[in-house]
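# Observations on the three-dimensional arrangement
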Amino acid sequence: MGTDNQFLAQRREKAAALADLGVKLYANSFQPRHRIAELLPSGEPLQPEEKEAGGAVYRVAGRVMAMRKFGKAAFFSLADSSARIQVYVRKDTVGEEQFAIFGKWDIGDIVGAEGTLFKTKTGELSIHAMAIAMISKSLRPLPEKWHGLTDVETRYRRRYVDLIVTPESRATFRTRVQIIKLIRDFLSDRGFMEVETPMMQPLPGGATAKPFKTHHNALGMDLYLRVAPELYLKRLLVGGFERVFEINRNFRNEGLSTRHNPEFTMLEFYQAYATYEDMMELTEQMISSVCRQVHATMQISYQGNPVNLAPPWRRLTMDQALTEIAGIESSLLADDQQVIEMARQRGIKLEAQAGAGKAKTELFELLVEEQLIDPTFITSYPTEVSPLARRNEENPAVTDRFELFITGREIANGFSELNDPDDQRHRFEKQIAERGEDEEIHPELDTDYIRALEYGMPSAAGEGIGIDRLVMLLTDSPSIRDVILFPHMKPEERTAVVDPELDA
RNA sequence: GGGUCGUUAACUCAGUCGGUAGAGUAUCUGCCUUUUAAGCAGAGAGUCGUUGGUUCGAGUCCAACACGACCCA
């Protein structure tokens, strides 16, 4: 067979040779007693060629990342999840038999080592191995030690390899975990309880988006993967849980891009007796404090451009943004026909039923959005595009809603919740009437949600934050695929080359 | 969906005017007991994304397709 397998064949030969020498290739008996990071700053710094006083014995395990052999001695670098350290192996220390076995080791093998600490001539802290052990034999070569893995497609498809060889990638995903933990802590500290609501829903509600459809065999019914948890979380407000949040996946059956993955992680939270203004306050505090805890500063840069996350953040109504940033005269914005005409002139395609609110929102997206680099709350969204938000008491054409933009991207969306069941029913019905043409978006009246509101939902405000986009911002990642461990990829083309292990 | 660019050894990349495939790392063999992108000497490794076409001859030119990146809708 050939091609792929010069390396596989060589390593299998070595593996067989090791087995002949009585070495277990996939042993489960080596127990490390130390993480490598624990050894690094131990006590007083050693001088070059000095051994650690007391000669304490350390026992570590990890992956062989580099190997430098010298006949009867060798250095290899060993990486565990905490750090890397160099291990020095000498024939006269480990013995002839072990040294012969060591000769069959490869870069990429997972191994254990036990020994004392010393510093080499050149000043690198190292373990002088007294004993070494094979833990798991690697059959495939790792990418090059110097350039690493730069092909983004391979990095996404074989994330395991990326994580082995790309420190930045490991750092990004550690930061992601940290960010999510900080958000959980932030909300828990403020009395929010974390809940899980259905991901498989009979009616996909809570957002205008195309859902994935699936089927329950035993029930003989179609189900949809959720596009948002919103309507379930608000049912919990009805139930008396006054502060709830959920961090979990949503699914949208739409295009892929550097900012869109079919499944993505959303934080949604709801607070009874709060308004959208409280939510803006909370959001400012949450994101800026997460940033400070991650980066020790609120002045960060994203893709080479500075971003200042220090509160307070700018707040503009949509009309103000269109006037101040897009330069549209405020008198024009007051005239519905003029707004629709402006949108048409700019090439925005509007459905026949679309009103000025929709047109205004489209103009905003076209002319303003990407210019909002430092965090900016945009408020007073048209009621027409905000079916779940409470109307403003002075101006019922707009809602008590905001969206947060950073680096030109929508990061969060929040509003005072509509809790009038009759108004909600009317808006759903209007929405259904207007979306009739798009068969992929299934607008159906969620009568149970209306029924829940009829029991009475406290006044409340809620918000959704796109976690992936927030992580992109805080890890300076250009693509959503850089912050999702296993982003969706089209299948690799299956060629005639068959892996030998599958060909047996 | 449209446009541009990319796909060559395990990895990172060259490949001129169309003339039979190159480097570094990695691997293998030999030497080497403090190296660290170890060193020295030698060797092996390729369906040039896939399928067609043009040509005496295609990694190179043309077309379609696949996958990816970027831009646009």
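Per an unreviewed UniProt entry, chain A goes by Lysine--tRNA ligase and derives from Desulfofustis glycolicus DSM 9705. Turning to chain A, the UniProt record has this under Sequence similarities (unreviewed entry): "Belongs to the class-II aminoacyl-tRNA synthetase family." Per UniProt, chain A has the following entry under Catalytic activity (unreviewed entry): "tRNA(Lys) + L-lysine + ATP = L-lysyl-tRNA(Lys) + AMP + diphosphate".

### Some points on the protein's contact with RNA strand B
Residues in contact with RNA strand B amount to 43 residues; listed here are only the nearest, Gln10, Lys14, Thr122, Lys145 and Glu153. Atoms of RNA strand B within 4 Å of the protein: sugar and phosphate make up 60%, bases the balance. Side-chain polar atom of Arg481 to a phosphate oxygen of RNA strand B: 2.7 Å apart, as the coordinates give it. Looking at the surface near RNA strand B, the elements with two or more residues in it are helix H1 (6-20), strand S1 (57-69), strand S2 (73-79), strand S3 (84-90) and helix H5 (152-157).

### Some details on the environment of Phe186
Take Phe186: it is sitting in helix H7 (residues 167-189). Judged by relative accessible area, Phe186 falls into the buried class, the value being 7%. Taking C-alpha positions, Phe186 is 18 Å from Asp468, a pair spaced 282 residues apart along the chain. Aside from chain neighbours lying at most four places away, what touches Phe186 is Leu282, Gln285, Met286 and Ser289.

### Quick look at the nonpolar core
Note on soluble globular proteins: their nonpolar side chains tend to be buried together. The biggest cluster of nonpolar side chains holds 44 residues, and the ones touching the most others in it are Ile183, Leu187, Leu267 and Phe269. Apart from the residues lying within four places of it in its own chain, the contact partners of Leu187 are Phe192, Phe245, Leu267, Phe269, Leu282 and Met286. In terms of nonpolar packing, the next biggest core, distinct from the first, is built from 31 residues, Tyr58, Ile85, Val87 and Ile132 among them.

### Quick notes on the side chain of Arg235
Looking at the secondary structure, you find Arg235 in helix H8 (residues 230-239). Of the residues examined, Arg235 reaches a relative accessible area of 16% and is grouped as buried. Of the polar contacts made by the side chain of Arg235, one reaches the side chain of Asp448; its length is 2.9 Å. If sequence neighbours within four positions are ignored, Arg235 has contacts with Asp446, Asp448, Tyr449 and Ala452.

### A short note on the environment of Tyr276
Relative to the helices and strands, Tyr276 is located in helix H9 (residues 276-295). For the pair formed by Tyr276 and Ala452, sequence separation is 176 residues and the distance between their alpha carbons is 22 Å.

### What to know about the packing of H7 against helix H16 (residues 467-475)
Look at H7 against H16: their axes get within 10 Å of each other, and the N-to-C directions meet at 120°. Regarding the angle of H7 to H16, the classification is oblique. Considering how the two elements wind past one another, H7 and H16 form a crossing that is right-handed. Listed contacts from H16 to Thr172, Thr175, Arg176, Ile179, Ile180 and Ile183 of H7 are Ile467, Asp468, Leu470, Val471, Leu474 and Thr475. Partitioning the contact of H7 with H16 into residue classes produces seven nonpolar, three polar and two charged.

### So, the UniProt feature "binding site: Mg(2+) 2" (unreviewed entry) in chain A
When the UniProt feature table is mapped onto this chain, "binding site: Mg(2+) 2" (unreviewed entry) is found at Glu410. Looking at where Glu410 falls in the secondary structure, it is placed in strand S17 (residues 409-416). Note on Glu410: relative accessible area 29%, which makes it partly exposed. Those residues in contact with Glu410, other than ones at most four positions away along the chain, are Glu403, Leu404, Phe405 and Arg469.

### Thoughts on unusual backbone geometry
Pro311 connects to Pro312 through a cis peptide bond whose omega is 0°. Here Pro312 lies in the loop between strand S13 (305-308) and strand S14 (314-317). With a phi angle near 50°, Gln303 is a residue other than glycine that sits in the positive phi range. Tracing the chain through its elements places Gln303 in the loop between strand S12 (299-302) and S13. Gln303 sits in the partly exposed class, given a relative accessible area of 40%. The residue Asp476 is not glycine, and still its phi comes out positive at about 55°. Relative to the elements of secondary structure, Asp476 occurs in the loop between H16 and helix H17 (500-503).

Scoring rules and cut-offs
Residues numbered from 1 in each chain as written. Chains lettered and ligands numbered in written order. Predicted model: local features only at pLDDT ≥ 70, side-chain atom pairs only at ≥ 80, totals over all residues. Heavy atoms only, no water. UniProt positions renumbered as here; feature names shortened; annotations may be inferred. Near = heavy atom within 4 Å. Polar contact = N/O pair within 3.5 Å; in protein donor to acceptor, adjacent residues only side chain to side chain. Helix = DSSP H or I, 4+ residues; strand = E, 2+ residues; numbered from the N terminus. Buried < 20%, exposed > 50% of the residue type's maximum accessible area, 1.4 Å probe, protein only. Contact = heavy atoms within 4.5 Å. Core = buried A, V, L, I, M, F, W, Y, C linked by side-chain atoms within 4.5 Å. Axes fitted to C-alpha atoms, helices over the stretch in contact; angles between N-to-C directions. Parallel < 35°, antiparallel > 145°, perpendicular 65-115°, else oblique. Left-handed = near helix turned anticlockwise from the far one by under 90°. Nonpolar A, V, L, I, M, F, W, Y, C, P; charged D, E, K, R; others polar.

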